[in-house]
Amino acid sequence: MRSSTLTYTTRDQWVEHFGEGRGFREVGERERELFAEHTGGGRALDVGCGAGELSAYLASIGCTVDAVDFADTAIARAREEHADVEGVRWLCLDIERDDPAPLHAEGYDVVVLRLVYPFLRDRGRVLHTLGGRLRDGGALVVITPVVPNTSDERRGIAPDEDEIALLGAGWQSVERLDADGLAFLVLRGPRPVGTRAVEKRRPTAHALTGALAVVTDDAGRVLLGRSRRGMLELPGGKTCGPEGFAEAAVRELVEETGLVADPADAYVVTMLVDDSHGVPRLTAVVRVTAWSGTPGNPEQDKFVRWEFADVHALSRIGDVFTPAAQALDAVWPGVVPGLPPVASYPLAAGRPAVPGEPAEAVRLRGAMADAVIAGGWASSEPVREALRTVPRHRFAPETDLATAYDGDDRAVVTRRDETGTAISSVSAAWLQADMIESLRLRPGALVYEAGSGGYNAELIAHVAGPEGRVVTVDIDPWVVHRTRAFTAEAGSGRVTAVEADAALGAPARLVPRGGFDGSMITYSCWDIAPAWREQLAEGGRLVLPLEMGGYTRAVAFERRGEVLHARGFTYCGFVRDQGRQARSAPVVPLLDGALTLRFDEGAAAGTEGVTEALRGPRHEVATGVTMGAGAGVYFGSLQLYAATTLPGFCRLRAHEDTDVVAVAKGRDAPAVLGDASLAHLVHLPARNGGREWVVHAFGAEGPRLAELVTATVRAWDRHIRAADDDRHADPVLTVHPAGTPDRLLPAGDVLDKVSSRLVFRWPGREGRLPGPARRAADTVAAATGES
């Protein structure tokens, strides 16, 4: 049966339609022929399957079909009418709104939208998303009526030629066929499209001052219009007379889209100043936080349609009107790359956070939290609740949801320097949870964070509760601007972002009386800034990624007077310090640069004669310390033990594959340097399976150095190592201000920095011993502490 009307706009209308037993245009013989020609079996997705006629046919020609429709009455009828059909999975799912988790994770060979395309609200976004689900060589098939073959009363559901041209944009091949008066479009090879800021014609004088409205829906997607000029635009236009920018934005919004907003819910967040064709232009970016209505297209002479787009897709969405692109970047800094220069003046206007996220984000955030909790990294309910609540994806809006909520060991890089090195990121969720747990925060805690980004600060604010506050400081003005923007968009209102060198601590006006209850440093630190200790309350905790001998651990310290006492260590990696404490470790090349020696503590030692020694015979010593076959290889505690106890410690890195050393290209090994001699530690296959630690040494002092390293490995095996990788013994570590005399230090191995003195007391090592950065020892007994 044919439907009496095809102008439905709501799910309820379609539910009623199929519930009353009404149908849709039957699949014609020509359509069947074309499907048989262009599908060829495989896995198919039938979007808007209705009562299931096409899905059943696709199954009959060898396809395994996922048939989806947002009307439960349609799915119920399909199951009943095609109960004997095998190979079809019937799913009640709104492809535009619902979490796509039920869809096949490995993608589809063909995705079909039959007589559905005109009813999609956000057509460009849906096609882009479905294209991303195609397997290599797969096809997206769109079957739609066209204007010449459609009656006047139904002309609204027939795309015109301009719309069909947009439909095919962004695909490597578009084949258009005729199926009994319907357009049968076969799209293959979704082609990534970059984003380009483009201009219109030269503006007239009265168009130089305007306002643009940034509007998002309940899924956090931003409203964009496809203009007749072939570009995407935000709602907006010029101001009229004495009209304010907020008033102009909401007026243009209703005139262009039909959406209604109150000027009280419109906030001017940034003023942009640039020029168009040499004419100065002033644009107000207006964030609309509440609105009502359904997007329409009242000005059809100017726009093809309005639809909501995913924020993370803005970097590959095509041509965008330059002020609109700059306005999007003002609200979500970093989402639109390669913009032309603009003078931006952010306004400190208070505004509420704007809600909105897709169901998929809720599911993925829950899965991430579950993974972190299962790993044992979030033991307290406040931290668990923060992971489940704070929308991580909104602090990395240029990243797709799956990447943002990766619960594994992945950090989301948000900024790189000119060499491609990551300089800002959202750290792995498990590590953030572990470090926040180490702070031991109480409700109402006041916390300092060095290194901004927004998400970690909001996690801390959530844990600290309504009375808590976070001061976050970063040296990069772009990062601070981004943090302020994101915390305004999706934050608690309890985070203050400051542009400054974080090594100087928080500005005095923001330091609470008595100091911060906790401080967290979120970049790798070679030293501990005095301000971090001085601004910390007595008994408060400082958690930071500390470099020791070149190896980084997130260490939780507790302040007791002028001394910091380590309470826990976590293996980690972070972006490097960019402020006044940043340090480049000396590096010395060997073998014409094939190898280098890196001295992470102190100055580079003399390497005269080492290259000649490397070209000579190699002395090898098997330590007898092995790791079982198939077991996880964790030797981070051995690295740290060697770095803090071995005199002359350095790291040997291979930049090329060479037969001289058994170190793979791009990897490094613990090493010790002697007089024209070198020894380093590697693990090699053992005779009885597994791997064994072996020392390779070169030069006249090679045998003595090899004995030194071997004794260190054996001492580690006896006193530090545990069968469970998570149970390796940590040192007792205290940090003292620089200048503290030796007589006031506890017994242990001393590692001197510029602003601090670190004292390590390892199990099995007795008495006061010199640290490797202070002077070298000459005996194995002194180096291993077993005299």
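Anything mentioned here points back to the structure above.
In this text, all values refer to a predicted model and were calculated from it rather than measured experimentally.

(A) Seen up close, the overall build of the protein. Helix and strand content of the protein: 19 helices and 36 strands. Counting only C-alpha atoms, the protein reaches 100 × 70 × 50 Å along its principal axes. Counting over 787 residues, the protein shows a buried share of 55%. Summarising the internal contacts of the protein: among those between residues at least 6 apart in sequence, 62% fall at separations of at least 24. Element-wise, carbon and sulfur atoms account for 49% of the exposed surface of the protein, whose accessible area totals about 32,800 Å². Positive and negative side-chain charges of the protein, numbering 86 and 108 respectively, have mean locations separated by a distance of 4 Å.

(B) Quick look at the environment of Arg757. On the secondary structure map, Arg757 appears in strand β36 (residues 756–761). According to the relative accessible area criterion, Arg757 is buried, its value standing at 9%. Spatially, the C-alpha atom of Arg757 lies 30 Å from that of Trp430, the residues being 327 residues apart in sequence.

(C) Representation of helix α8 (residues 322–331) within the structure. The element α8 is largely enclosed, with a buried count of ten among its ten residues. Looking at α8, one finds that the buried residues are Thr322, Pro323, Ala324, Ala325, Gln326, Ala327, Leu328, Asp329, Ala330 and Val331.

(D) Spatial organisation of the sheet that holds strand β12 (residues 236–238). The five strands lie next to each other as β12-β9-β14-β13-β17, forming an open sheet whose pairing is mixed. Across the chains shown, the open sheet's two edge strands, defined by having one partner strand only, are β12 and β17 (343–346). Neighbour-to-neighbour, the strand axes of the sheet open up by a mean angle of 20°, direction not taken into account. Here strand β9 (residues 209–215) runs beside strand β14 (residues 279–288); their pairing, made up of seven bridges, is parallel. Looking across to β14, one finds that Ala211 is bridged to Ala284. On top of the sheet, α8 reaches β9, β13 (266–276) and β14; it is set at about 45° to β14, its chief contact.

(E) Molecular detail of the side chain of His736. Checked against the element boundaries, His736 lands in strand β34 (residues 732–737). Judged by relative accessible area, which is 6%, His736 ranks as buried. Of the polar contacts made by the side chain of His736, one reaches the side chain of Thr734; its length is 2.8 Å. If near-sequence neighbours (up to four positions away) are discounted, His736 is found in contact with Val563, Leu745, Pro746, Ser755, Ser756, Arg757 and Val759.

(F) Spotlight on the pairing of strand β27 (residues 587–590). Only one face of β27 is buried, namely the one carrying Val588 and Leu590, since none of Val587 and Pro589 on the opposite face is buried. Of the strand pairs in this sheet, β27 and strand β28 (residues 595–598) are connected by four bridges, and their pairing is antiparallel. Note on β28: the bridge partner recorded for Val588 is Leu597. Joining the antiparallel neighbours β27 and β28 is a turn of four residues, in which Leu591 adopts a positive phi near 50°.

(G) Quick look at the packing of aromatic side chains. Counted according to the given criterion, the structure contains 13 aromatic pairs. Both rings, one in Phe395 and one in Tyr455, keep their centres 6.1 Å apart while their planes meet at 50°; by these two values the pair is tilted. Of this pair, Phe395 sits in the loop between α10 (381–389) and α11 (401–404) while Tyr455 sits in helix α13 (residues 455–464), and the two are 60 residues apart along the sequence. Take Phe395 and Tyr455: they sit in the same class, and that class is buried. By way of ring pairs, the aromatic residues Trp14, Phe18, Phe24 and Phe119 are connected into one cluster. Lying over the aromatic face of Tyr551, Arg651 brings its terminal NZ or CZ to 5.2 Å of the ring centre.

(H) Main features of the environment of Ile164. The topology assignment puts Ile164 in helix α6 (residues 161–168). Each C-alpha atom of the pair Ile164 and Leu504 lies 59 Å from the other, and the pair is 340 residues apart in sequence. Here Ile164 is in contact with Val146, Pro159, Arg176 and Leu185, once residues within four sequence places are set aside.

(I) Quick peek at the side chain of Ser677. Checked against the element boundaries, Ser677 lands in strand β32 (residues 677–685). Among the polar contacts listed, one links the side chain of Ser677 to the backbone nitrogen of Glu701, at a separation of 2.9 Å. Every residue in contact with Ser677, bar those within four places of it in the chain, is listed here: Val610, Val672, Phe698, Gly699, Ala700, Glu701, Gly702 and Leu705.

(J) Spatial organisation of the sheet that holds β27. With antiparallel pairing, the seven strands of this open sheet are ordered in space as β27-β28-β30-β31-β32-β33-β29. On the outer flanks of this sheet lie β27 and β29 (618–627), each paired with one strand and no other. Neighbour to neighbour, the strand axes of the sheet diverge by 30° on average, direction disregarded. Here strand β31 (residues 668–674) runs beside β32; their pairing, made up of four bridges, is antiparallel. Across the sheet, Ala671 pairs through a bridge with His680, a residue of β32. Sheet strands in contact with helix α18 (residues 702–719) are β29, β31, β32 and β33 (691–698), and its direction is about 5° off that of β29.

(K) Just the layout of surface pockets, in detail. Considered as a void within the structure, the second largest pocket measures approximately 1,000 Å³ in volume. Looking at the lining of the second largest pocket, the elements that each hand over two or more residues are α5 (123–131), α9 (359–374) and α11. In terms of residues, the lining of the second largest pocket owes the most to one element, α5, which gives five residues.

(L) Just helix α2 (residues 29–38), in detail. Those residues of α2 that sit buried are Glu31, Leu34, Phe35 and His38. The arc that holds every buried residue of α2, seen down its axis, measures 100°, which confines them to one face. Every exposed residue of α2 that faces more than 90 degrees away from the buried side is listed here: Glu29 and Glu37. In this structure, the buried residues of α2 make contact with α3 (53–60), β4 (108–114), β5 (134–144), β6 (171–179) and β7 (182–190).

Conventions we followed
Residues numbered from 1 in each chain as written. Predicted model: local features only at pLDDT ≥ 70, side-chain atom pairs only at ≥ 80, totals over all residues. Heavy atoms only, no water. Helix = DSSP H or I, 4+ residues; strand = E, 2+ residues; numbered from the N terminus. Buried < 20%, exposed > 50% of the residue type's maximum accessible area, 1.4 Å probe, protein only. Contact = heavy atoms within 4.5 Å. Areas by Shrake-Rupley, 256 points an atom, 1.4 Å probe, with all protein chains shown as cover. Lys, Arg positive; Asp, Glu negative; His and termini not counted. Charge placed at Lys NZ, Arg CZ, Asp CG, Glu CD. Pairing = 2+ DSSP bridges. Axes fitted to C-alpha atoms, helices over the stretch in contact; angles between N-to-C directions. Polar contact = N/O pair within 3.5 Å; in protein donor to acceptor, adjacent residues only side chain to side chain. Phe/Tyr/Trp six-rings, centres within 6.5 Å; stacked < 30°, edge-to-face > 60°. Lys NZ or Arg CZ within 6 Å of the ring centre and 35° of its normal. 1 Å grid on protein atoms, 1.4 Å probe; cavity = no way out; pocket = protein on both sides within 12 Å on 5 of 7 lines; lining within 4 Å. Points joined across faces, edges and corners; volume = space filled by probe spheres on them. Arc of directions from axis to C-beta.

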